[in-house]
Amino acid sequence: MGRGKPARAAHHHSRIAAAYNLDRWTLNDWLRGGATRHNMEVTATIPHVDYLVLGDDPHLTANECTSCGARFFDRRNACANCFANDFVRVRIASEGEVRAFTIVTFAATGVPVPFVAAVVDCGGTSVRGNLVNVEASPEHVHLGMKVRLVTTSLGTDLHGVEAIGFGFEPTPQSTPFGDPS
Amino acid sequence: MSSSDDIWILGINMTKFGKYPDRDVVDLGAQAAMAALSDGGVTMKDIGILAAGNLMGRGAIAQNLQKQIGQTGIPAYNVANACATGATALRVAIMAIKAGECDMGMAVGVEKLAGVGLLGASGQSKTDGGWKPEGRFGAVASMDGRIGTDNMPGTFAQVGMEYGHRYGGATFEVFARISEKNHQHSTLNPLAAYTKAMSLEQIMNEPMIAYPNTRAMCSANCDGAAAAIVVSGAKLRTLSLEQQRRAVKVSASVLTSDPYQEACQVLPDVNTLTKRAAAQAYAQAGVSPDDLDLVELHDCFATAELVHYDNLMLCPEGGAVDFFMSGAPWRDGSKPVNVSGGLQSKGHPIAATGIANIWEVCHHLRGEAGERQIQGAKVGLAHVIGLASACGIHILEKSNLGAAAA
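Residues numbered from 1 in each chain as written. Chains lettered and ligands numbered in written order. Predicted model: local features only at pLDDT ≥ 70, side-chain atom pairs only at ≥ 80, totals over all residues.

**Concerning helix H9 (residues 272–285) of chain B**
Residue and element names in this part refer to chain B.
Now for step 1: Look at H9: 20 Å from first C-alpha to last across 14 residues, which is about the 20 Å you get at 1.5 Å a residue.
Now for step 2: Taken together, the buried positions of H9 are occupied by Leu273, Thr274, Ala277, Ala278, Ala281, Tyr282 and Ala285. Burial along H9 is one-sided: seen end-on, the buried residues are contained in an arc of 160°.
Now for step 3: As for H9, its buried residues are in contact with strand S8 (248–257), helix H10 (302–311), strand S10 (379–386) and strand S11 (390–398).
Now for step 4: Two residues or fewer past H9, Gly286 is found with a positive phi of approximately 70°. (Helix = DSSP H or I, 4+ residues; strand = E, 2+ residues; numbered from the N terminus. Expected span 1.5 Å × (residues − 1). Buried ≥ 20, exposed ≤ 12 C-beta atoms within 10 Å, placed from the backbone. Arc of directions from axis to C-beta. Contact = placed C-beta atoms within 7 Å.)

Spelled out as structure tokens, the structure:
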């Protein structure tokens, strides 16, 4: 990851943020105290993965090589394509097209089935994710279908923190296609 | 390859693939190793290097094998390279000979997988106390099943679907027909784990694992071992005419890893490294895909076999569906593919696979394949791929030595 990049500075604003990897919006929400439940319980959120940014406008980000533009969702030491070692955090388009999918009906213990696993082409960047809000059958999922990012709940832990994940749902025909960024 | 540094397979063996509840990996590996020595007419005294792989085991398979077949003090290499482990072990032995360290080597691959479930799936459980970001994605929960799939049937299903997206025509039925072919082929292979033909309808109605791969379209987890003895051309020419006649020439031995491509870390790109390995192998051997009499390719899933027709240049780019539907890759077709039954029916004891597919090709080139013999086979190709990724390709040619002994 690039040195001195400010994109994720919010994560270090407090011990709470550091502990829960909260983004700025969630932290502010928590600090306002508007989301308390019971006595000490706090409704805060944490993203499933660190490349999912929550808030009013949830979206995915990637580490983009400043030299060649290759994008990576996990942390990097050097670019796998050009060996440069400076990266910038960039926003990934939230709408895309299904490039490959499978319907998994047999999985490891603890993984709910069936689910649709897919590769989505989001404005030229390939993203891995599940297709959600669509029936998991070959009659309802097809290659090339237009989808958009949505968030899903993974549940709440003992501290009252809700983990938020993401998936892609079919884009209604009426929705104008375009990247909100 | 010039005649002075040519490499040959002198002896080779595979165990029957299946279930061996009373034997461990060392027993199975030793069985294949001793049979390969016997097949080549040599002993451990002749062997200058041992390379062995057992991917799912605890390590030190090479040394554990030596204790069963002969501790001669030779360098022993433990090799792990996913599903390309066997091919990699063979290449280690070949490289030692080419480097001049010895003139004869042994490669062994062995695995016990019977009864093992889904490979590649993590199924990591949710944290008990609180969400805690872990790993390179800072994930607070398992990504498998929530952000796509880590399991092999699902991963390779997407590989096939992506090909279909790009070129069209790759329907569920086409993939099932590929599986039908391999199950049919296995009926003639007594060493296959499964030797029953399955109808198209049966295959399509099998339990769905990851659409479009039903259970019959997935590689069969089983136990098995394979071993090969490789020798330099110079040494071979000092051996008997019968040994020279049965030896099989290694015209190309190639290993590649995957070069960076957009999306290759989102969905494994099994295509680019296979295409590169194929191009290198054809150039090294001085043969073209047209020259191949048979091909054993890595059909870990029916969806994988389709894309490798294209990657190995058995058809024009984008033409894999047409190639298959023409009947070409059936045993009686123009380009027989996986006449052994392939991983779907012969079985896939991971580390053994990369040597067992070479055994199959050698068997035909030696004219010893019995009922399933491809008549007049002179050139064959064996391909394996392991995710992460590694691709091994060997091109093998019938011996033109020792003709007087024929």
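That shown, we press on.
**Thoughts on the interface of chain B and chain A**
Now for step 1: Each side of the interface is counted separately: chain B has 40 residues, and chain A has 46 residues.
Now for step 2: Among the secondary structure elements, those contributing two or more residues to the side of chain B that touches chain A are helix H4 (152–167) and strand S5 (208–211) of chain B.
Now for step 3: It is H4 of chain B that contributes the most residues to the side of chain B that touches chain A, 7 residues altogether.
Now for step 4: Of the residues that constitute the side of chain B that touches chain A, the class distribution is 20 nonpolar, 15 polar and 5 charged.
Now for step 5: Pairing analysis gives 2 bridges linking strand S8 (residues 95–104) of chain A to S5 of chain B, with the strands arranged antiparallel. Each bridged residue has a counterpart across the sheet, and for Val104 of chain A the counterpart in S5 of chain B is Ala210 of chain B. (Nonpolar A, V, L, I, M, F, W, Y, C, P; charged D, E, K, R; others polar. Pairing = 2+ DSSP bridges.)

**Some points on the packing of helix H3 (residues 85–98) of chain B against helix H13 (residues 350–365) of chain B**
Residue and element names in this part refer to chain B.
Now for step 1: Axis separation between H3 and H13 bottoms out at 5 Å; the angle between their running directions is 65°. Across the interface between the two elements, Thr85, Gly86, Ala87, Thr88 and Leu90 from H3 touch Ile350, Ala351, Ala352, Thr353, Gly354, Ile355 and Ile358 from H13.
Now for step 2: Among the residues making up the contact of H3 with H13, the classes are represented as 7 nonpolar, 5 polar and no charged. (Axes fitted to C-alpha atoms, helices over the stretch in contact; angles between N-to-C directions.)

**Description of the environment of Leu52 of chain A**
Residue and element names in this part refer to chain A.
Now for step 1: Tracing the backbone through its elements, the reader meets Leu52 in strand S4 (residues 52–53).
Now for step 2: Residue classification places Leu52 among the buried residues on the basis of 24 C-beta atoms within 10 Å.
Now for step 3: Residues Leu52 and Phe166 lie 114 residues apart in sequence; the distance between their C-alpha atoms is 7.6 Å.
Now for step 4: Setting aside residues no more than four positions away along its own chain, Leu52 makes contact with Pro47, Pro58, Leu60 and Phe166.

**Some remarks on the nonpolar core**
Now for step 1: Ala93, Ala107, Val108, Ala227, Ala228 and Val230 of chain B are the most contacted members of the largest nonpolar core, which totals 176 residues.
Now for step 2: Among residues more than four places away in sequence, those in contact with Val108 of chain B are Gly29, Ala32, Ala33, Ala52, Leu65, Ala89, Ala225 and Ala227 of chain B. (Core = buried A, V, L, I, M, F, W, Y, C linked by C-beta atoms within 7 Å.)

**Considerations on the pairing of strand S4 (residues 104–111) of chain B**
Residues and elements named next belong to chain B.
Now for step 1: With 8 of 8 residues buried, S4 lies mostly within the body of the structure.
Now for step 2: Residues Met104, Met106, Val108 and Val110 of S4 are buried on one face, and the alternating residues Gly105, Ala107, Gly109 and Glu111, pointing to the opposite face, are buried as well.
Now for step 3: One ladder, built from 5 bridges, connects strand S2 (residues 49–53) with S4; its direction is parallel. Looking at S4, one finds that Leu50 is bridged to Met106.
Now for step 4: Strand direction decides the pairing type here: S4 and strand S7 (residues 224–232), joined by 8 bridges, are antiparallel. Each residue of the ladder has a partner; that of Gly105, found in S7, is Val230.

**Quick look at the packing of H4 of chain B against H10 of chain B**
Residue and element names in this part refer to chain B.
Now for step 1: At their nearest, the axes of H4 and H10 sit 7 Å apart, and the two run at 45° to each other. Our classification of the angle between H4 and H10 gives oblique. By crossing handedness, the relation of H4 to H10 is classed as left-handed. The residues of H10 that touch H4, namely those facing Phe156, Ala157, Val159, Gly160 and Tyr163, are Thr303, Ala304, Leu306 and Val307.
Now for step 2: Looking at side-chain class alone, the contact of H4 with H10 contains 7 nonpolar, 2 polar and no charged residues. (Parallel < 35°, antiparallel > 145°, perpendicular 65-115°, else oblique. Left-handed = near helix turned anticlockwise from the far one by under 90°.)

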